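Structural overview
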Amino acid sequence: TCDATPVVELPPGSYRTQAWFGQSSVSDDIEISAGTTLDQAFFLNAGNFRPRAYAVEGGEPMAKVCYRIFKKTDEGGNREIVASCKPAPTFVLAQGAYRVLAWSGRATSTLDVDVVTGETLEASFILNAGYLALKAVLGENEEPLDGICFKVFDVRPLASGKLREVVASCSPTPTFILPAGAYLVRAEGGKSPQ
């Protein structure tokens, strides 16, 4: 059941019960006796986590952002427990240490956070990003051309000397979200690359 305060009739015996909310859960072994009512409370030891991402410090919250939350393990690693691309999400997490990755387009930011039972933790992710809006036109005040593909490359060459392609689109008017930096943009249509 997902009722907040359920009443369940059970034959006498031993049971294992589990309660969960968000990414926090707790289980307990109980004993049911004939003709009695057992009141059982579950303490989830959880808190709320509200991440918000910004392209730049002091800017408006970004509308399209995804988050991946990793639980820190005793072995020093990280295990992914939940991901979401919902706008302005609130995660319910068990008390503990987490690593959170936020990304929008090709821009990313990572934070380590500690969730405390009964508290709401708000965290800001600064993606240090910008928007690149592209179109190809024949002249000023002309409509964007169809059939043009755009490729964006990092200007820093790889060890092989080639440029690494960062993102591409064949939309007439693509908009890319990119980390701050220098890029080379190539527009290709038919046999006349620019």
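The next point concerns the packing of aromatic side chains. The full count for this structure, using the stated rule, is two aromatic pairs. If you follow Lys-71 out to its NZ or CZ, it ends over the ring of Tyr-98, 4.7 Å from the centre.

This part takes up the state of the cysteines. The full count for this structure, using the stated rule, is two disulfides. Paired through a disulfide, Cys-66 and Cys-85 show a sulfur-sulfur distance of 1.9 Å. The S-S bond linking Cys-66 to Cys-85 shows a torsion near 110°; that makes this disulfide right-handed. With Cys-66 in strand E4 (residues 66–72) and Cys-85 in the loop between strand E5 (78–84) and strand E6 (91–94), this residue pair connects regions lying 19 residues apart in the sequence. Shown here is the disulfide that connects Cys-149 with Cys-170, its sulfur atoms set 1.9 Å apart. On the sign convention where negative means left-handed, the S-S torsion of about 105° between Cys-149 and Cys-170 marks this disulfide as right-handed. On the criterion of sequence distance, the pair formed by Cys-149 in strand E11 (residues 149–157) and Cys-170 in the loop between strand E12 (163–169) and strand E13 (175–179) is long-range, its members being 21 residues apart. Residue class for Cys-149 comes out partly exposed when judged on its relative accessible area of 23%. Within the protein chain, bonded cysteines paired by disulfides and numbered along the sequence follow the pattern 1-2, 3-4.

For the structure on display, the rule yields seven salt bridges. Measuring nitrogen to oxygen at the nearest pair gives 3.8 Å for the salt bridge that ties Glu-122 to Arg-50. With a gap of 72 residues between them, Glu-122 in strand E9 (residues 120–126) and Arg-50 in strand E3 (residues 46–54) connect regions that are remote in the sequence. Take Glu-122: its relative accessible area is 58%, and that puts it in the exposed class. Notably, a salt bridge pairs Arg-99 with Asp-112, separated by 2.7 Å at the nearest N-O pair. With Arg-99 in strand E7 (residues 96–104) and Asp-112 in strand E8 (residues 107–115), the pair connects residues that are 13 residues apart, well separated along the chain.

Within a sheet, adjacent strands bond to each other through the backbone by hydrogen bonds, running parallel or antiparallel. Sheet architecture is open: four strands sit in the order E5-E4-E7-E8, paired in antiparallel fashion. The open sheet has two edge strands with one neighbour each: E5 and E8. Averaged over neighbouring strand pairs, the angle between their axes works out to 25° when direction is ignored. Of the pairings in the sheet, the one linking E4 to E7 comprises six bridges and is antiparallel in character. Within the sheet, the bridge partner assigned to Cys-66 lies in E7 and is Trp-103.

Strand order in this open sheet of three strands is E12-E11-E14, and the pairing throughout is antiparallel. Strands with a single pairing partner mark the edges of an open sheet, and in this sheet they are E12 and strand E14 (183–188). Taking the axes of each pair of neighbouring strands and ignoring which way they run, one obtains an average angle of 25° across the sheet. Both E11 and E12 contribute to a ladder of six bridges, which runs antiparallel. Bridge assignment links Phe-153 to a residue of E12, and that residue is Glu-165.

The subject of this paragraph is the environment of Gln-18. Residue placement: Gln-18 occurs in strand E1 (residues 13–21). Sequence-wise, Gln-18 and Asp-146 are 128 residues apart; in three dimensions their C-alpha atoms are separated by 56 Å. Residues in contact with Gln-18, not counting those within four places in the same chain, are Ser-25, Val-26 and Ser-27.

This part covers the layout of surface pockets. The rolling of a water-molecule-sized probe over the atoms marks out the regions of remaining empty space. If you add up the space inside the largest pocket, you get close to 1100 Å³. Around the largest pocket, the lining is made up of 29 residues, and of these Thr-1, Pro-6, Val-7, Val-8 and Phe-42 lie nearest the centre. Secondary structure elements with two or more residues in the lining of the largest pocket: E1 and strand E2 (24–32). Considering each element in turn, the lining of the largest pocket owes the most residues, six residues, to E1. Tallied by class, residues from the lining of the largest pocket come to 17 nonpolar, nine polar and three charged.

Definitions and limits used
- Residues numbered from 1 in each chain as written.
- Predicted model: local features only at pLDDT ≥ 70, side-chain atom pairs only at ≥ 80, totals over all residues.
- Heavy atoms only, no water.
- Phe/Tyr/Trp six-rings, centres within 6.5 Å; stacked < 30°, edge-to-face > 60°.
- Lys NZ or Arg CZ within 6 Å of the ring centre and 35° of its normal.
- Disulfide = S-S within 2.5 Å.
- Helix = DSSP H or I, 4+ residues; strand = E, 2+ residues; numbered from the N terminus.
- Buried < 20%, exposed > 50% of the residue type's maximum accessible area, 1.4 Å probe, protein only.
- Salt bridge = Lys/Arg side-chain N within 4 Å of Asp/Glu carboxyl O.
- Pairing = 2+ DSSP bridges.
- Axes fitted to C-alpha atoms, helices over the stretch in contact; angles between N-to-C directions.
- Contact = heavy atoms within 4.5 Å.
- 1 Å grid on protein atoms, 1.4 Å probe; cavity = no way out; pocket = protein on both sides within 12 Å on 5 of 7 lines; lining within 4 Å.
- Points joined across faces, edges and corners; volume = space filled by probe spheres on them.
- Nonpolar A, V, L, I, M, F, W, Y, C, P; charged D, E, K, R; others polar.

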